[in-house]
Amino acid sequence: MLKVLEHPLITHKLTQMRKVETKTKDFRENLDEIGGLMAYEITRNLPVKEVTIETPIQEMKTYELEKDIILVPILRAGLGMVDGISNLIPTVKVAHVGLYRDEETLQPHVYFEKYPPNIDDAVVMIVDPMLATGGSASAAIDMVKKQGAKDIRLVCLVGAPEGVKVIEELHPDVDIYLAALDEKLNEKGYIVPGLGDAGDRIFGTK
Ligand SMILES: O=c1ccn([C@@H]2O[C@H](COP(=O)(O)O)[C@@H](O)[C@H]2O)c(=O)[nH]1
Ligand SMILES: O=P(O)(O)OP(=O)(O)O
Ligand SMILES: [Mg+2]
């Protein structure tokens, strides 16, 4: 399932991020805020369990989140989405998957991975601002599946049709959430019109 979260606030903030003149501080702040806005929608169908509690007035039956929620940012750029999303989810745990994309072959290379326990029974949200060829996201999904993850959602800001197709073909069980679906990839594997290299813009490395 592909869901493009169209909302005027998300679109406005993404427009600020896309502008070439937007500097690191504003880029990060907008990314953080979009993460928070997207979190509301992507958590809409989280499983809940019935619990009995005492209010100051009387006992009542109500609901709490049933499962652990594990955020998996794809380093580096995915780190920019962690605070905005985790601020909204009280019990979130954070795994890390380090991947860089070879500039020539566009193939992803793994350099780090660390997971909390019980990933097999958790709702796993993989986050990366950019879904380009789909190689990085697909590798990250393979990695969490190897750890036993079953309920997996992929949350990106900007996606290319090429990347969406790859995930839909290789991982039809994974729901994809985007803030925008752009036109295409260019010859260097960058999303067009996109916003450039998200990692470099977040961390000021170019
Ligand atoms: O326009 C772009 C395209 C890609 N990135 C970075 O690359 C990976 C995703 O690329 P895949 O080809 O889908 O593996 C992503 O982690 C971004 O960090 C980018 O920043 N901008
Ligand atoms: O996917 P990359 O190579 O652009 O990695 P980073 O997010 O570290 O810029
Ligand atoms: Mg990068």
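Quick caveat: nothing in here was measured; it's all calculated off a predicted structure. Sequence order as written defines the numbering, with residues in each chain counted from 1. Both sets of labels track the order of writing: A upward for chains, 1 upward for ligands. Per-residue local features are limited, in this predicted model, to residues with pLDDT of at least 70; the limit for side-chain atom pairs, both in listing and counting, is 80 or more; totals at the level of whole chains, interfaces and linings are taken over all residues. Only hydrogens and water are removed before side-chain values are computed, so all heavy atoms of the structure are retained for them.

1. Quick notes on the UniProt feature "binding site: 5-phospho-alpha-D-ribose 1-diphosphate" (unreviewed entry) in the chain
Listed under "binding site: 5-phospho-alpha-D-ribose 1-diphosphate" (unreviewed entry) in the UniProt record, and renumbered for this structure, are R76, R101, D128, P129, M130, L131, A132, T133, G134, G135, S136 and D197. Of the annotated set named above, R76, R101, D128, M130, L131, A132, T133, G134, G135, S136 and D197 line the largest pocket. Examined against the element boundaries, R101 turns out to sit in strand β6 (residues 96-101). The buried label goes to any residue with under 20% of its type's maximum accessible area, the exposed label to any with over 50%, and the partly exposed label to all in between, with areas taken from a 1.4 Å probe on protein chains only. Classification of R101 as partly exposed rests on a relative accessible area of 25%. UniProt positions are given in the numbering used here, feature names are shortened, and annotations may be inferred rather than shown by experiment. Lining residues are defined by having an atom within 4 Å of a point belonging to a cavity or pocket. Those points lie on a 1 Å grid over the protein atoms alone, cavities being sets where a 1.4 Å probe fits but cannot get out and pockets being open sets with protein on both sides within 12 Å along at least five of seven lines. Helix and strand labels come from DSSP, where a helix needs a run of H or I of at least four residues and a strand needs a run of E of at least two; each type is numbered from the N terminus.

2. Points about the site of ligand 1
We call a residue near a molecule or strand when any one of its heavy atoms sits within 4 Å of it. In the neighbourhood of ligand 1, 16 residues make up the surrounding shell, with R101, D128, T133, S136 and A198 lying closest. Pairs of N or O atoms are called polar contacts if they sit within 3.5 Å, as long as, within protein, a hydrogen donor faces a hydrogen acceptor (for residues adjacent in sequence, only side-chain-to-side-chain pairs). In this structure, A132 approaches ligand 1 through a main-chain N or O atom, which is 2.9 Å from an oxygen atom. Measuring from an oxygen atom of ligand 1, one finds a side-chain N or O atom of T133 at 2.5 Å. Note on areas: Shrake-Rupley with a 1.4 Å probe; residue coverage comes only from the protein chains shown. Protein chains bury 94% of the 460 Å² of accessible surface belonging to ligand 1 in isolation. Secondary structure elements with two or more residues in the shell around ligand 1: β9 (130-131) and α4 (135-146).

3. Observations concerning the coordination of the magnesium ion (ligand 3)
Bound to the magnesium ion (ligand 3) on the protein side are D197 (OD) and D197 (OD), at distances that span 2.4 to 2.6 Å. Mapped onto the secondary structure, D197 falls in the loop between β15 (191-192) and α6 (198-203). Counted as donors are N, O and S atoms no farther than 2.8 Å from the metal, or 3.2 Å for Na, K and Ca; water is not among the atoms, and sites may therefore look incomplete.

4. Things to note about the UniProt feature "domain: Phosphoribosyltransferase" (unreviewed entry) in the chain
The positions UniProt marks with the feature "domain: Phosphoribosyltransferase" (unreviewed entry) are residues 4-205. Split by type, residues 4-205 is 31% helix and 30% strand. Its first and last C-alpha atoms lie 29 Å apart.

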